[in-house]
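# What the coordinates show
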Amino acid sequence: MDPFDAGAGGLLKQPKSVWATAGASVVAFMGIGLVDPILPSIAQGLDATASQVSLLFTSYFLITAVAMLVTGFVSSRIGGKKTLLLGLAFVVVFAGLAGTSGSVGELVGFRAGWGLGNALFVSTALAVIVGAAAGGSAAAILLYESALGLGMACGPLLGALLGDASWRYPFFGTAFLMAVGFLCIAVFLKEQPKPARRTSLLDPVKALGHGGLASAAASAFFYNYTFFTVLAFTPFVLNMSPYRSGAVFFAWGVLLAVFSVIVAPRLQKRFGSLKVLGGSLVLLAADVLVLGYGSHTAAVVCTILSGAFIGVNNTVYTELALGVSDAPRPVASAGYNFVRWFAAAAAPFFAPKIEEWTDVHVPFVVAALTAVAGAAVVVVRRKALTLPQAVDSALAGGTATAEEPNPKHATEDSVTVFAN
């Protein structure tokens, strides 16, 4: 089946509930990159240093990492729809409060509350889309990946457009858009069936006892440090106006979306997931080295180009996390994300600190080394990370199996899958 087919079950022929959830997902993913082009403006407006402002990412992702142990526990008890609405309510409140901040400390605290809401929403959205979509999981996952890419691309653009007038406006804008998403989901989405078995707080940690899942999480931890060095530290290096910085990260997001949804599956089908992932990580390492040591123009080009490698990596890592172990997908994904989001919290904190201790080039050297470390884990642990051939083919867009590539998990997808 062609997922882009507009016929019954195709990507373009979905219920209103699916479009409502996907639309809200776009805004949720916009929140990740929203602050990128306005980081220098926030620093200036609140008389803060780069390392202080970067804590906006650290608090956000630290709470997100810890929340991975909670989201499945919550959604398996109150249901997918209520979990989505709870997450959206948190985002509306804390994004709005962030816009009223009078100090960096307040802004960092409100951003942490925003991270909890985003974790509750995003971690449940894919499972809800899969449950409500017509045409099986293939079209649903593609729609979710498209929402992720569009959100990552549009977040910096919205931040630039609103942030050019005031750094506060992007936060108010996000609160408004998420309030619209809240109303759409409340009206159009029917409650999803609760899973037969409730998820405990320790289930994701126990799932990491599987060698393949632990290896995927370890490799993704190193990769995420590189990813969020680019996302959180590069705006200070580029030192551009909100409009120019927003344009750079919009182009970055477009490449991320295209390579995640279109290019990565084709590369996987031809070369296999692990070869594609290892090669992409090494190329990302080379890219961030040039970003750190090249001219300003080279830094701009390499920032945009990194979106291509990040898009490929995101797709392959997600599929490894969902298919490499025999744990239920929601539990495996929660354990995997619990590990990797700690790196997303660490990079925005350590990158500017490393610059303060050394110079502006060294944070990118560290980021390149962590990307290589991620590739090394893939090489050393390739046997544990190898997906069953039928699963690898189906996830990469092949036809080796039916639309549900891992039948063991077919009835277990009703909660918490945090892709990418």
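Note that the coordinates shown come from a computational prediction; the quantities given were computed from them, not determined experimentally. Residue numbers restart at each chain and count upward from 1, following the sequence in its written direction. Thresholds applied to this predicted model are a pLDDT of at least 70 for local features of residues and 80 or more for the giving and counting of side-chain atom pairs; totals over whole chains, interfaces and linings are not thresholded and use all residues. Hydrogens and water molecules were not included; the side-chain quantities draw on all heavy atoms of the structure.

## Some remarks on the overall build of the chain
Where we set the bar: Put simply, DSSP marks the helices as runs of H or I at least four residues long and the strands as runs of E at least two long, and each gets a number from the N terminus on. Think of it in three bands: with a 1.4 Å probe and only protein chains considered, a residue is buried below 20% of the maximum accessible area for its type, exposed above 50%, and partly exposed in between. We call two residues in contact whenever any of their non-hydrogen atoms come within 4.5 Å of each other. The accessible surface values rely on the Shrake-Rupley method and a 1.4 Å probe; as for residues, cover is taken only from the protein chains in view.
Counting its regular elements, the chain contains 17 helices and zero strands. Out of the 420 residues belonging to the chain, those deemed buried represent 59%. Intrachain contacts of the chain at a sequence separation of at least 6 include 85% that bridge at least 24 residues. Of the roughly 15,300 Å² of accessible surface on the chain, a fraction of 68% belongs to carbon and sulfur atoms.

## Observations regarding helix 1 (residues 16-33)
Selection rule: An expected span of 1.5 Å times one less than the residue number is assigned to each helix.
In this model helix 1 runs 27 Å from its N-terminal to its C-terminal C-alpha over 18 residues, within 8% of the 26 Å that 1.5 Å per residue would give. Burial runs high along helix 1: 15 of the 18 residues are buried.

## A look at the packing of helix 12 (residues 273-293) against helix 15 (residues 362-380)
This is how it is decided: Lines fitted to the C-alpha atoms define the axes, with helices restricted to the stretch that makes contact. Angles between their N-to-C directions range from 0 to 180 degrees. Here is the rule for angles: anything less than 35 degrees is roughly parallel, anything more than 145 is roughly antiparallel, 65 through 115 is roughly perpendicular, and the remaining ranges are oblique. Gly is placed with the polar residues, together with every amino acid not listed as nonpolar (Ala, Val, Leu, Ile, Met, Phe, Trp, Tyr, Cys and Pro) or charged (Asp, Glu, Lys and Arg).
Between helix 12 and helix 15, the least distance of the axes is 8 Å, while the angle of their chain directions is 170 degrees. With respect to helix 15, the element helix 12 is oriented roughly antiparallel. Contact residues: L274, L277, G278, L281, V282, A285, V288, L289, L291, G292 and Y293 in helix 12; F364, V365, A367, A368, A371, V372, G374, A375 and V378 in helix 15. When the residues that make up the contact of helix 12 with helix 15 are grouped by side-chain class, the tally is 17 nonpolar, three polar and no charged.

## A look at a nonpolar patch on the surface
To keep things clear, this is the line we draw: The patches reported here contain residues having more than 30% relative accessible area and no salt bridge. Joining distances are 9 Å for like charges and 5 Å for nonpolar side chains (Val, Leu, Ile, Met, Phe, Trp, Tyr). Any Lys or Arg side-chain nitrogen located within 4 Å of an Asp or Glu carboxyl oxygen qualifies as a salt bridge.
A surface patch of nonpolar side chains, about 310 Å² in accessible area, is lined by V70, L201, L202 and V205. Looking at the secondary structure, you find V70 in helix 4 (residues 55-78).

## Notes on the side chain of S306
Tracing the sequence through the fold places S306 in helix 13 (residues 296-323). Among all residues touching S306, those that are not within four sequence positions of it are V230, W252, L284 and D287.

## Let's talk about the nonpolar core
Short version of the rule: Throughout this description, the term nonpolar core refers to a set of buried Ala, Val, Leu, Ile, Met, Phe, Trp, Tyr and Cys residues connected via side-chain atoms within 4.5 Å.
Among the nonpolar cores identified, the biggest contains 118 residues, and I42, F61, F121, F171, I185, F228 and W252 are the most heavily contacted of them. For this core, the element with the highest residue contribution is helix 10 (residues 211-238), accounting for 14 residues. Once residues lying within four places of it in the same chain are set aside, the contact partners of I42 are D47, V53, L56, L107, W167 and F171.

## Examining the environment of A22
Structurally, A22 is set in helix 1. Residue A22 is classed as buried on the basis of its relative accessible area, which comes to 5%. Taking the C-alpha atoms as reference points, A22 and G181, 159 residues apart in sequence, are found 9.4 Å from one another. A22 has contacts with I129, L143 and A147, leaving out every residue within four places of it along the chain.

## Here's the deal with the environment of I32
Mapped onto the secondary structure, I32 falls in helix 1. Once the C-alpha coordinates of I32 and F57 are considered, the two residues, 25 residues apart in sequence, prove to be 8.3 Å apart. Other than its neighbours up to four places away in sequence, I32 contacts F57, Y60, F61, R111, N118, M152, F228 and L231.

## A word on the packing of aromatic side chains
To keep it simple, the criterion reads: Stacked, tilted and edge-to-face pairs are distinguished by plane angle, under 30 degrees for stacked and over 60 for edge-to-face with tilted covering the rest, among Phe, Tyr and Trp rings (Trp via its six-membered ring) whose centres lie within 6.5 Å. Charges are assigned to positions over rings by a cutoff of 6 Å between ring centre and Lys NZ or Arg CZ, combined with an angular limit of 35 degrees from the ring normal.
Counting across every chain of the model gives 18 aromatic pairs. Here F227 and W252 contribute two aromatic rings whose centre-to-centre distance is 6.2 Å and whose plane-to-plane angle is 45 degrees, an arrangement assigned as tilted. Here W252 lies in helix 11 (residues 242-271) and F227 lies in helix 10, a separation of 25 residues in the sequence. Positioned above the aromatic ring of W114 is the side chain of R111, whose terminal nitrogen or guanidinium carbon lies 4.7 Å from the ring centre.

## Let's talk about the packing of helix 1 against helix 8 (residues 169-188)
To keep it simple, the criterion reads: Crossing chirality is assigned from the near helix's rotation relative to the far helix, an anticlockwise turn below a right angle marking it left-handed and a clockwise turn marking it right-handed.
Two elements in contact, helix 1 and helix 8, have axes whose closest approach is 9 Å; the angle formed by their N-to-C orientations is 160 degrees. As judged from the angle between their axes, helix 1 and helix 8 are roughly antiparallel. The interaxial crossing formed by helix 1 with helix 8 has left-handed handedness. Contacts between helix 1 and helix 8 involve K16, S17, A20, T21, A24, V27, A28 and M30 from the first element and T174, L177, M178, G181, C184, I185 and F188 from the second. A per-class count over the contact of helix 1 with helix 8 returns ten nonpolar, four polar and one charged.

## Side note on unusual backbone geometry
Phi is positive for D47, close to 50 degrees, though the residue is something other than glycine. Looking at where D47 falls in the secondary structure, it is placed in the loop between helix 2 (39-45) and helix 3 (50-53). Overall, D47 belongs to the exposed group, its relative accessible area being 72%. With phi around 50 degrees, N239 is a residue other than glycine that occupies positive phi space. Note on placement: N239 falls in the loop between helix 10 and helix 11. A residue is classified by how much of its surface remains accessible, and N239, at 60% relative accessible area, is exposed.

## What about the side chain of T174?
Quick reminder of the rule: Here a polar contact means two N or O atoms within 3.5 Å. Within protein one must be a hydrogen donor candidate and the other an acceptor candidate, and residues neighboring in sequence count only if both atoms are side-chain atoms.
Secondary-structure assignment places T174 in helix 8. Side-chain polar atoms of T174 contact the backbone oxygen of P170, separated by 3.0 Å. Setting aside residues up to four positions removed in sequence, T174 forms contacts with V27, L34, V91, A95 and W114.

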